[in-house]
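One letter stands for each residue in the lines below.
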Amino acid sequence: MISVVLPAYNEADNIEPAVSEISKVLTGCGEEYELVFISDGSTDGTYEKVQTIAKSDTHVKGAEFSRNFGKEAAIFAGLSLASGDAVIVMDCDLQHPVSVLPEMIKKWKGGAEVVEGIKNSRGKESIFHKMSAGLFYGIMSRLIKIDMNASSDFKLLDRKAVDALLELPESNTFFRALTFWIGFKSDKVYYDVEERRNGKSKWSTRGLINYAIRNATSFSTMPLKLITTMGWIFIVFAIILGIQTLVRFFTGTSADGFTTVILLLLIVGGFMMLSLGIAGHYIARIYEEVKGRPRFIIRDTTDSLVGNLKGQWK
Ligand code: UDP
Ligand code: MG
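Residues numbered from 1 in each chain as written. Chains lettered and ligands numbered in written order. Predicted model: local features only at pLDDT ≥ 70, side-chain atom pairs only at ≥ 80, totals over all residues. Heavy atoms only, no water.

1. Here's the deal with the site of ligand 1
Okay, so step 1: Looking at ligand 1, there are 16 residues lining it, with E11, D40, D93, Q95 and S201 nearest.
Okay, so step 2: Considered class by class, the residues forming the shell around ligand 1 number five nonpolar, four polar and seven charged. (Near = heavy atom within 4 Å. Nonpolar A, V, L, I, M, F, W, Y, C, P; charged D, E, K, R; others polar.)

2. Focus on the packing of helix α8 (residues 205-219) against helix α10 (residues 258-291)
Okay, so step 1: As a packed pair, α8 and α10 sit with axes 10 Å apart at the nearest point and diverge in direction by 80°. Here α8 lies roughly perpendicular to α10, going by the angle between them. Two secondary-structure elements touch here, α8 through I213, R214, A216, T217 and S218 and α10 through H281, Y282, R285 and E288.
Okay, so step 2: Its residues placed into classes, the contact of α8 with α10 shows three nonpolar, three polar and three charged. (Axes fitted to C-alpha atoms, helices over the stretch in contact; angles between N-to-C directions. Helix = DSSP H or I, 4+ residues; strand = E, 2+ residues; numbered from the N terminus. Parallel < 35°, antiparallel > 145°, perpendicular 65-115°, else oblique. Contact = heavy atoms within 4.5 Å.)

3. Description of the coordination of the magnesium ion (ligand 2)
Okay, so step 1: Distances from the magnesium ion (ligand 2) to its protein donors, D93 (OD) and Q95 (OE1), fall within 1.8 to 1.9 Å.
Okay, so step 2: With relative accessibility at 23%, the residue Q95 sits in the partly exposed group. (Donors = N, O, S within 2.8 Å, 3.2 Å for Na, K, Ca; no water. Buried < 20%, exposed > 50% of the residue type's maximum accessible area, 1.4 Å probe, protein only.)

4. Looking at α8
Okay, so step 1: Given a rise of 1.5 Å per residue, 15 residues ought to cover 21 Å, and the 21 Å separating the end C-alpha atoms of α8 matches this to within 8%.
Okay, so step 2: All of the buried residues in α8 are Y211, A212, N215, A216, T217 and F219. (Expected span 1.5 Å × (residues − 1).)

5. Quick look at a nonpolar patch on the surface
Okay, so step 1: The grouping of W232, I235, I239, I243 and V247 at the surface amounts to a nonpolar patch, some 530 Å² of accessible area in total.
Okay, so step 2: In this fold, I235 is placed in helix α9 (residues 222-250).
Okay, so step 3: The class for I235 is partly exposed, based on a relative accessible area of 43%. (Patch = residues over 30% accessible without salt bridge, like charges linked within 9 Å, V, L, I, M, F, W, Y side chains within 5 Å. Areas by Shrake-Rupley, 256 points an atom, 1.4 Å probe, with all protein chains shown as cover. Salt bridge = Lys/Arg side-chain N within 4 Å of Asp/Glu carboxyl O.)

6. Some thoughts on the pattern of salt bridges
Okay, so step 1: Within this structure, the stated rule accounts for 13 salt bridges.
Okay, so step 2: For E34, the salt bridge identified is with K61, shortest N-O distance 2.7 Å. Residue E34 is found in strand β2 (residues 33-39), and its partner K61 is found in strand β3 (residues 60-65); the two are separated by 27 residues along the sequence. Comparing E34 with K61, the two get one shared label, buried.
Okay, so step 3: Between E288 and R285 there is a salt bridge, with the nearest N and O atoms lying 3.2 Å from each other. Residue E288 and its partner R285 are located together in helix α10, separated by three residues, close to a single helical turn.
Okay, so step 4: Residue class for R285 comes out buried when judged on its relative accessible area of 9%.

7. Quick notes on the packing of aromatic side chains
Okay, so step 1: Throughout the structure, instances matching the rule amount to six aromatic pairs.
Okay, so step 2: Between F65 and F69 the ring centres are 5.5 Å apart and the planes differ by 90°, which places this aromatic pair in the edge-to-face class. Each member of the pair F65 and F69 is classed as buried.
Okay, so step 3: Between F154 and Y191, the aromatic rings sit 5.2 Å apart at their centres with planes inclined by 80°, giving edge-to-face as the arrangement. Taken together, the positions of F154 in strand β6 (residues 151-158) and Y191 in strand β7 (residues 186-192) put the pair 37 residues apart, joining distant regions of the chain. (Phe/Tyr/Trp six-rings, centres within 6.5 Å; stacked < 30°, edge-to-face > 60°.)

8. Details of helix α4 (residues 101-109)
Okay, so step 1: Burial in α4 covers these residues: L101, M104, I105 and W108. End-on view of α4: buried residues confined to an arc of 95°, all on one side of the axis.
Okay, so step 2: Positive phi appears at G111, one or two residues downstream of α4, with a value of about 115°. (Arc of directions from axis to C-beta.)

9. What to know about the environment of H59
Okay, so step 1: Note on placement: H59 falls in the loop between α2 (46-56) and β3.
Okay, so step 2: Given a relative accessible area of 23%, H59 falls into the partly exposed group.
Okay, so step 3: It is 6.5 Å that separates the C-alpha atoms of H59 and Y33, two residues lying 26 residues apart in sequence.
Okay, so step 4: Polar side-chain contacts of H59 include one of 3.0 Å to the backbone oxygen of Y33. (Polar contact = N/O pair within 3.5 Å; in protein donor to acceptor, adjacent residues only side chain to side chain.)

10. So, the nonpolar core
Okay, so step 1: Within the largest apolar cluster, 39 residues are counted, with the highest numbers of intra-cluster contacts made by I38, F65, L79, L157, L165 and F175.
Okay, so step 2: Elements represented by at least two residues in this core include exactly β2, β3, α3 (71-81), β4 (86-89), α5 (127-144), α6 (159-167), α7 (175-181) and α8.
Okay, so step 3: With seven residues, α3 is the largest single contributor of residues to this core.
Okay, so step 4: Those residues in contact with L165 that sit more than four places away from it in its chain are F76, L79, L157, F175, L178, T179 and I182.
Okay, so step 5: Within the second largest apolar cluster, 35 residues are counted, among which are A8, I22, V25 and L101. (Core = buried A, V, L, I, M, F, W, Y, C linked by side-chain atoms within 4.5 Å.)

None of this, on its own, says anything about what the molecule does.
Listed below in structure tokens is the structure:
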């Protein structure tokens, strides 16, 4: 059986189209399937929609969070609740085209344990969004030494890969990168991002920046090493400048130097605060992990999902 996990935050109008289009494709492939909607604390009746459809269509299942916990949490809740031999994660605004599902399934049957959906184009996003996404994935690819460009949350995972993900102990998860990290035999399918069906994107620029910082600091310690490198560069400068100053002092040619002192103070002060800030982000991550709070709280599930939670999310 194949499970499709669909995180949904205020997507009431998209549930019906998603169900009918995905069902059509999967039935066409001759696959047994279930659709698992995770309503991420929606306030527009998304979960009620799922419940209503679930009454007449046994393929449709769903759960509702007690509040908005974010897409990452919704994805992991879905993985934990799904019981298929393969799990497909896709957006429920149908921006991830259902037409590539047969190809994904074919690659899985051909032996791939992780099938990554790779974006051909980024669809109709603003220039600013494209550039910042490009920058973020460029840096992330460097940091985790894996090419993340054009990667997305649209993936098919074999049961083995899903179980491996669910056993990871951390609560700060970054689905997109973790599927690379766990390894397994992987393959790719390419797709064009479609236009959002109904409603509008849930991401604000601020939300995206926070998402980027959180993921960079929960996935890599490179920024911390960068601080050390910066420290070394400063020390080299300090030695050169120190020698020059001393020589000038003893030869009696030392200048007033007020400008230099102020500039040095400002530059060093700036770098110090930046370094403290970077270290602070790591302390924040440690603090969050140490508290060990659950990544999400489920308020209700459809009957078909009761008792299904797996892995560390039980
Ligand atoms: N989503 C979610 N929780 C959130 C934000 C978004 O579950 O806090 C879901 C949303 O319902 C959609 C998917 O994540 O299915 C992608 O969100 P969106 O379409 O807003 O992002 P974009 O496609 O613009 O990147
Ligand atoms: Mg979308």
